[in-house]
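Tertiary structure, described
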Amino acid sequence: MSDAPVILINLLRVKPGKQDALVALLHENIDTVIRTLDGWKATRVIGASDGTGVVIYSEWETLAAVEAMRSDPRMLACFPKISELASLDSLLGAIASQTAR
């Protein structure tokens, strides 16, 4: 088994004036749901400076952990709340290249 994390990137296009509400909802969900799930490693929430979008960068131990998160009843209850504030596109993969100083 590889130690490389599975990366889930969610790009949310925020409805006008809703970025702060979306970020608050995401932080609440991370604190109450995501942190409790097996296989979760880390999450970063990045807000666009112009208020039009949010990126969620998450690292998971396995693809099965991502699938379990997506089917968790608490997450299923959160998805409609998110869709009231933004549209969602997702990308699932692995780190192909990394450069750092």
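The preceding data block contains the structure.
Okay, so let's go over this structure. Treat the numbers as computed from the prediction; the structure is a model and nothing was measured.

Each value, and the rule that gives it
Residues numbered from 1 in each chain as written. Predicted model: local features only at pLDDT ≥ 70, side-chain atom pairs only at ≥ 80, totals over all residues. Heavy atoms only, no water. Pairing = 2+ DSSP bridges. Helix = DSSP H or I, 4+ residues; strand = E, 2+ residues; numbered from the N terminus. Axes fitted to C-alpha atoms, helices over the stretch in contact; angles between N-to-C directions. Contact = heavy atoms within 4.5 Å. Buried < 20%, exposed > 50% of the residue type's maximum accessible area, 1.4 Å probe, protein only. Nonpolar A, V, L, I, M, F, W, Y, C, P; charged D, E, K, R; others polar.

**Topic: the sheet that holds strand β3 (residues 53-60)**
Strand order in the open sheet formed by four strands is β2-β3-β1-β4, with antiparallel pairing between adjacent strands. On the outer flanks of this sheet lie β2 (40-47) and β4 (86-93), each paired with one strand and no other. Taken pair by pair, the neighbouring strands of this sheet meet at an average axis angle of 15°, ignoring direction. In this structure, β2 lies alongside β3, joined through seven bridges in antiparallel fashion. Along β3, the bridge assignment pairs Trp40 with Trp60. In the packing of helix α2 (residues 63-71) onto the sheet, contacts are made with β1 (6-14), β3 and β4, and the angle to β1 comes to roughly 35°. This element, helix α3 (residues 73-85), spans β1 and β4 of the sheet and lies at about 120° to β4.

**Structural notes on the environment of Glu84**
By the secondary structure assignment, Glu84 is in helix α3. You can call Glu84 exposed: its relative accessible area is 55%. Residues Glu84 and Val14, spaced 70 residues apart in sequence, show a C-alpha to C-alpha distance of 9.4 Å.

**Overview of the packing of α2 against α3**
Where α2 meets α3, the closest approach of the two axes is 5 Å, and the angle between their N-to-C directions is 60°. Contact residues: α2 offers Met69, Arg70 and Ser71, while α3 offers Pro73, Met75, Leu76 and Phe79. Taken together, the residues of the contact of α2 with α3 break down into five nonpolar, one polar and one charged.

**Description of the environment of Val55**
Here Val55 lies in strand β3. Given the relative accessible area of 27%, Val55 is considered partly exposed. Between the C-alpha atom of Val55 and that of Ile9, which follows or precedes it by 46 residues, the distance is 6.9 Å. Beyond its immediate sequence surroundings of up to four residues, Val55 is in contact with Ile9, Asn10, Leu11, Arg44, Val45 and Ile46.

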